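Observations on the three-dimensional arrangement
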Amino acid sequence: MTVQTSLPTVAVIVGSLSKGSINRKFAEAVGRLARGKLNFRFIEIGALPLYDYELEAALPASVAAFKAQVAEADAVLFATPEYLRTIPAALKNALEWGARPYGQNSFAGKPAAIIGTTPGAIGTAVAQGDLRSIATVLDVALLVQPEIYFQWRPDTLDQNGEFADEAARKLLHSWVDRFTHWIARLRAPVQLAQAS
Ligand SMILES: Cc1cc2nc3c(=O)[nH]c(=O)nc-3n(C[C@H](O)[C@H](O)[C@H](O)COP(=O)(O)O)c2cc1C
């Protein structure tokens, strides 16, 4: 029996293309909290062409690289903004490429989780609800609790990029522990009960 001891790698997909994205800063800060437990690797989606099934015959290099990075990771984390009460088009596009061509879904079977932040009061809850629906057809094993609907403020992070607020740190620490445990459960060798 092989027991995996290396830190699980988490492919982090940020739904925003903006350089100053608060969701990127948020995910980076969560990654700092997860040090020693999870290894966050940010996967970029900005260079992906808009999905077109006619491109499937010869996958563009950016798409092939994106799909390979997702496939290599032990888990996936989506850090999404909410645009017009749903997920950004750029993220939806990346999900479409990840799921295609038919039979080559790079996300299939991956442990996954969703986080998101906005200055708005409902903390990306509506966008995350949509992403949860999509997750079912992406065939990921989604961590459903605890939910992280985070209202961003200018002072959310301190000058080191760490969560300034103790309550936020505690919440996100416990989320990191739950996600780490979730990934470990799904990576564990399956022992099938012997049919008697
Ligand atoms: C096109 C567009 C639509 C938006 N719609 C929402 C929304 O539905 N809910 C929300 O909380 N914020 C909304 N916002 C504000 C975003 O939460 C805010 O721009 C945030 O900084 C986006 O995250 P990012 O910095 O990671 O891109 C919207 C912003 C844009 C540009």
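Relevant structure appears above.
Notes on the structure in this doc start here. (Residues numbered from 1 in each chain as written. Predicted model: local features only at pLDDT ≥ 70, side-chain atom pairs only at ≥ 80, totals over all residues. Heavy atoms only, no water.)

So, the site of the ligand
Neighbouring the ligand are Ser16, Ser21, Ile22, Asn23, Pro81, Glu82, Tyr83, Leu84, Arg85, Thr118 and Pro119. Take Ser21: an N or O atom from its side chain is 2.7 Å from an oxygen atom of the ligand. Separating a nitrogen atom of the ligand from a side-chain N or O atom of Glu82 is a distance of 2.8 Å. For the shell around the ligand, a count of residues per class yields five nonpolar, four polar and two charged. (Near = heavy atom within 4 Å. Polar contact = N/O pair within 3.5 Å; in protein donor to acceptor, adjacent residues only side chain to side chain. Nonpolar A, V, L, I, M, F, W, Y, C, P; charged D, E, K, R; others polar.)

Things to note about helix α5 (residues 166–187)
The end-to-end C-alpha distance of α5, which contains 22 residues, comes to 31 Å, matching closely the 32 Å that a straight helix rising 1.5 Å per residue would cover. Here α5 has its buried residues at Ala168, Leu172, Trp175, Val176, Phe179, Thr180, Trp182, Ile183 and Arg187. Along the axis of α5, the buried residues cluster in a sector spanning 160 degrees; they form a single face. Projecting away from the buried face of α5 at angles above 90 degrees are the exposed residues Ala167, Lys170 and Arg185. Close packing links the buried residues of α5 with β1 (9–14), α1 (22–33), β3 (75–79), β4 (111–118), β5 (141–142) and β6 (149–151). (Helix = DSSP H or I, 4+ residues; strand = E, 2+ residues; numbered from the N terminus. Expected span 1.5 Å × (residues − 1). Buried < 20%, exposed > 50% of the residue type's maximum accessible area, 1.4 Å probe, protein only. Arc of directions from axis to C-beta. Contact = heavy atoms within 4.5 Å.)

Observations concerning the nonpolar core
Counting 30 residues, the largest nonpolar core has Val10, Phe26, Val30, Leu77, Phe163, Trp175 and Phe179 as its most contacted members. Looking at this core, the elements that each hand over two or more residues are β1, α1, β3, β4 and α5. In terms of residue count, the dominant contributor to this core is α5 (seven residues). Filtering out sequence-adjacent residues up to four positions away, Val10 remains in contact with Leu38, Asn39, Phe40, Arg41, Ala75, Val76, Leu77, Phe179 and Ile183. Ala94, Ala112, Ile114 and Ile134 belong to the second largest nonpolar core, which has 26 residues in total. (Core = buried A, V, L, I, M, F, W, Y, C linked by side-chain atoms within 4.5 Å.)

Quick look at α1
Counted at 1.5 Å a residue, the expected span for α1 with its 12 residues is 16 Å, and the 17 Å between its end C-alpha atoms agrees. Judged by how many residues are buried, α1 sits mostly within the fold: nine of 12 residues are covered. Residues of α1 that are buried: Ile22, Asn23, Arg24, Phe26, Ala27, Ala29, Val30, Gly31 and Leu33. In this structure, the buried side of α1 is in contact with β1, β2 (39–43), β3, β4, β6 and α5. One side-chain oxygen at the N-terminal end of α1 lies 3.1 Å from the backbone nitrogen of Asn23; it belongs to Ser21.

Comments concerning the packing of aromatic side chains
Applying the stated criterion across every chain yields a total of six aromatic pairs. Taken together, the aromatic side chains of Phe26, Phe150 and Phe163 make up a single cluster linked through ring pairs. (Phe/Tyr/Trp six-rings, centres within 6.5 Å; stacked < 30°, edge-to-face > 60°.)

Some thoughts on the packing of α1 against α5
Remark: α1 packs on α5, axes separated minimally by 10 Å, with the N-to-C direction vectors making an angle of 70 degrees. Judged by the angle between their axes, α1 and α5 are roughly perpendicular. Facing α1, whose interface residues are Phe26, Val30 and Leu33, α5 presents Arg169, Leu172, His173, Trp175 and Val176. Tallied by class, the residues present in the contact of α1 with α5 amount to six nonpolar, one polar and one charged. (Axes fitted to C-alpha atoms, helices over the stretch in contact; angles between N-to-C directions. Parallel < 35°, antiparallel > 145°, perpendicular 65-115°, else oblique.)

Some words on the environment of Leu95
Among the secondary structure elements, Leu95 is positioned in helix α3 (residues 89–99). For the pair Leu95 and Lys67, spaced 28 residues apart in sequence, the C-alpha separation works out to 9.9 Å. Non-local contacts of Leu95, meaning those with residues more than four positions away in its chain, are made with Phe78, Ile87, Phe107, Leu131, Ile134 and Leu138.

Distances and angles like these do not, on their own, reveal function.
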